[in-house]
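# Observations on the model geometry
Here is how the chains run, residue by residue.
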Amino acid sequence: MSNGLLKGKKGIIFGALNEQSIAWKVAEKAHEQGAEFVLTNAPIAMRMGEINQLGEKTGSKIIPADATSVEDIEKLITEAMEILGGKLDFILHSIGMSVNVRKGRHYTDENYDWTMKGLDVSALSFHKVLQTAYKLDAINEWGSVLALTYIAAQRVFPDYNDMADNKSYLESIARSFGYHYGTKKHVRVNTISQSPTMTTAGSGVKGFNEFINFSEQMSPLGNATADECADYCIVMFSDLTKKVTMQNLFHDGGYSNTGVTQQVIEKFSD
Ligand SMILES: NC(=O)c1ccc[n+]([C@@H]2O[C@H](COP(=O)([O-])OP(=O)(O)OC[C@H]3O[C@@H](n4cnc5c(N)ncnc54)[C@H](O)[C@@H]3O)[C@@H](O)[C@H]2O)c1
C-alpha cells in the first residue's frame, strides 16, 4: 500500500545483503512510497549478486563502497547525487559486523585488532558517512539520516559481545552529529533500536534462537519484524517526523520498558 510518503525524495541505502536484510525491506518500501535511491554495500558482500535483483525491482543503481573508506563514501555520495539529479533527502546506515563475534572470541579475551575493525565497520562508519555528507553539503534541509542499533547498548546481553560497545558509540554519534547537523543545516539524525530479527548479522550471535524467543515473550506486542522496522524507517524519512532528531528510538514491541511479563513469570512457578 502506498501513501506516496517519500514521493520526490532521494536517498542512499547501505546494507542490503539478501532478502532477510532490514535494508532490503526498507528499499522495497521506500520504492513503494515513491522514493528514488542508490543501493550500496561492501564490494565483498556483492559477490553473491543478490543485490542486483533488488536494484532491478526498485529501479536503483548500485554503487559498491566499503563504509570504512572515506574515499569510497565520497565517491558514492558524489555519484549518487549525479545519478539522482540533486541532493539527498535520506540515508540509511544498516551495517554491523564484529570479528570477535564471528570468530567466537569471548568478551574477556578480545583480539583488539578485531575489536577496532568491528568498531570501524559498525560505528565509526556512521560518522564517516555523516561527515562526508556534511562536507559535500549533500543533504537537503529537513533530510533524515538513520542507523540501526540494538538495546545491548544500554543493558548487558553477554553474547552480543563487543557489538554492545559498538552500538553505544553508534548511538552517541547520532546524538553528537545530530546536534551539529541540526544546528547548521536542519538535518535530523537518529538511531532505531530494533528487536532481535532473523537476518545474516542477527543469526551470527550465539544462542540467537533462544534469544529471539525470550525477547518475544518479554515484549507486550511481540518482537518487531524486519518489515515493521522498514515501515518505521519510512516514517522517519518522511516529512511527518521533521522535528525528531538526536534520538535513540526503540522499535521493540515494548521490550525496553518491560521488567517482566506474565508469560515469563509462569515459567518460574512451582
Ligand atoms: N538482526 C537483528 O537482530 C538486529 C537487531 C537490531 C539491530 N540490527 C542492526 O541492523 C543493521 C542491519 O543488519 P541486518 O540484521 O539487516 O543484517 P545483514 O547481515 O543483512 O546486514 C548487515 C550489512 O552490513 C554490511 N556490511 C558489513 N561490513 C560492511 C562494510 N565494511 N561496508 C559496508 N557495508 C558493510 C553487510 O554487507 C550487510 O549488508 C545492523 O546495524 C544490525 O546491527 C540488527
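The preceding data block contains the structure.
Residues numbered from 1 in each chain as written. Predicted model: local features only at pLDDT ≥ 70, side-chain atom pairs only at ≥ 80, totals over all residues. Heavy atoms only, no water.

### Description of the overall build of the protein
Put simply, the rule is: A helix here means a DSSP run of H or I that spans at least four residues, while a strand means a run of E at least two residues long, and both kinds are numbered starting from the N terminus. We compute the radius of gyration over the C-alpha atoms and compare it with the globule rule, which gives 2.2 Å times the number of residues raised to the power 0.38. We call a residue buried when its accessible area falls under 20% of the maximum for its residue type, exposed when it is over 50%, and partly exposed in between, using a 1.4 Å probe and counting protein chains only. Residue contacts follow a heavy-atom distance rule, with two residues in contact if any of their heavy atoms lie within 4.5 Å. In this tally, Asp and Glu contribute negative charge and Lys and Arg positive charge; neither His nor the terminal groups of the chain are included. In plain terms, the charge of a residue is placed at NZ if it is Lys, CZ if Arg, CG if Asp and CD if Glu.
For the protein, the count of helices and strands is 10 helices and 6 strands. Scaling as 2.2 N^0.38, a compact globule of 270 residues should have a C-alpha radius of gyration of about 18 Å, and the protein matches this with 18 Å. For the protein, the spread of C-alpha atoms along the three principal axes comes to 65 × 45 × 40 Å. Expressed as a percentage of the 270 residues in the protein, the buried residues total 53%. Sequence-distant contacts in the protein: of pairs separated by 6 or more residues, those separated by 24 or more amount to 75%. Averaging the positions of the 26 positive and the 32 negative side-chain charges in the protein gives two centres separated by 5 Å.

### Structural notes on the site of the ligand
Threshold: By convention in this text, a residue qualifies as near a molecule or strand provided that one of its non-hydrogen atoms is within 4 Å of it. Here a polar contact means two N or O atoms within 3.5 Å. Within protein one must be a hydrogen donor candidate and the other an acceptor candidate, and residues neighboring in sequence count only if both atoms are side-chain atoms. The Shrake-Rupley method, run with a 1.4 Å probe, gives the accessible areas here. Residue values count only the displayed protein chains as cover. In the scheme used here, Gly and all other residues not listed as nonpolar or charged are polar, with Ala, Val, Leu, Ile, Met, Phe, Trp, Tyr, Cys and Pro taken as nonpolar and Asp, Glu, Lys and Arg as charged.
Taken together, 27 residues lie around the ligand, and S21, N41, K167, T197 and T199 are the ones closest in. Within the backbone of G15, one N or O atom sits 2.9 Å away from an oxygen atom of the ligand. Within the side chain of T199, a nitrogen or oxygen atom sits 2.5 Å from an oxygen atom of the ligand. Contact with the protein chains removes 93% of the 830 Å² of surface that the ligand exposes when unbound. Elements with a minimum of two residues in the shell around the ligand: β4 (139–149) and α7 (200–203). The greatest single-element share of the shell around the ligand, amounting to 3 residues, is contributed by α7. Of the residues assigned to the shell around the ligand, the class counts are 13 nonpolar, 12 polar and 2 charged.

### Remarks on the pairing of strand β3 (residues 88–93)
Condition: Strand pairing is assigned whenever DSSP detects at least two bridges linking the two strands.
The buried fraction of β3 is high, at 6 of 6 residues. Note: strand β1 (residues 10–14) against β3, 3 bridges, orientation parallel. Across the sheet, I12 pairs through a bridge with I91, a residue of β3. Summarising the sheet, β3 and β4 pair through 5 bridges and their orientation is parallel. Within the sheet, the bridge partner assigned to F90 lies in β4 and is S144.

### With respect to the packing of helix α5 (residues 112–135) against helix α6 (residues 163–185)
Angle between the axes and distance between the axes: these two values describe a pair of packed helices. Selection rule: Simply put, an axis is a line fit to the C-alpha atoms, just over the touching stretch for a helix, and the angle between two N-to-C directions goes from 0 to 180 degrees. Roughly parallel means an angle under 35 degrees; roughly antiparallel, over 145; roughly perpendicular, 65 to 115; everything else is oblique.
Running from amino to carboxyl end, α5 crosses α6 at an angle of 10°, the nearest separation of the two axes being 8 Å. Classed by the angle they form, the pair α5 and α6 counts as roughly parallel. Contact with α5, carried on its side by G118, L119, S122, A123, L124, F126, H127, L130, Q131, A133 and Y134, involves M163, N166, Y169, L170, I173, A174, F177, H180, Y181, K184 and K185 of α6 and no other residues of that element. When grouped by side-chain class, the residues that make up the contact of α5 with α6 number 14 nonpolar, 6 polar and 2 charged.

### Quick notes on the environment of A224
Summarising the element assignment, A224 is placed in the loop between α8 (208–217) and α9 (226–237). Taking the relative accessible area as the measure of exposure, A224 reaches 8% and is therefore buried. As a C-alpha pair, A224 and Y255 span 31 residues in sequence and 9.9 Å in three-dimensional space. Residues contacting A224, with those up to four places away along its chain left out, are Q194, S195, P196, T197, H251 and D252.

### Let's talk about the packing of helix α1 (residues 22–32) against helix α2 (residues 50–58)
Put simply, the test is: Should the near helix be turned anticlockwise from the far one by less than a right angle, the crossing is left-handed, and should it be turned clockwise, the crossing is right-handed.
Orientation of α1 relative to α2, taken along the N-to-C sense of each, is 10°, at an axis distance of 10 Å. Here α1 is positioned roughly parallel relative to α2, judged by the angle of their axes. Judged by the sense of rotation from one axis to the other, the crossing of α1 with α2 is right-handed. Between α1, through W24, A27, E28 and H31, and α2, the contact on the second element is made entirely by E50, I51, Q53, L54, K57 and T58.

### Brief notes about the packing of aromatic side chains
Just so we agree on the cut-off: Put simply, two rings from Phe, Tyr or Trp (the six-membered ring, in Trp's case) pair if the centres are within 6.5 Å, and we call them stacked under 30 degrees between planes, edge-to-face over 60, tilted for the rest. Lysine NZ or arginine CZ positioned within 6 Å of the ring centre and within 35 degrees of the ring normal marks a charge as sitting over the ring.
Applying the stated criterion across every chain yields a total of 10 aromatic pairs. Both rings, one in F208 and one in F211, keep their centres 6.1 Å apart while their planes meet at 50°; by these two values the pair is tilted. With a gap of 3 residues between them, F208 and F211 both fall in helix α8, about one helical turn apart. The burial state of F208 is the same as that of F211; both residues are buried. Put simply, the rings of Y150, F157, Y160, F208, F211 and Y255 pair up and form one aromatic cluster. One residue, K185, lies across the ring of Y134, its end atom 5.2 Å from the ring centre.

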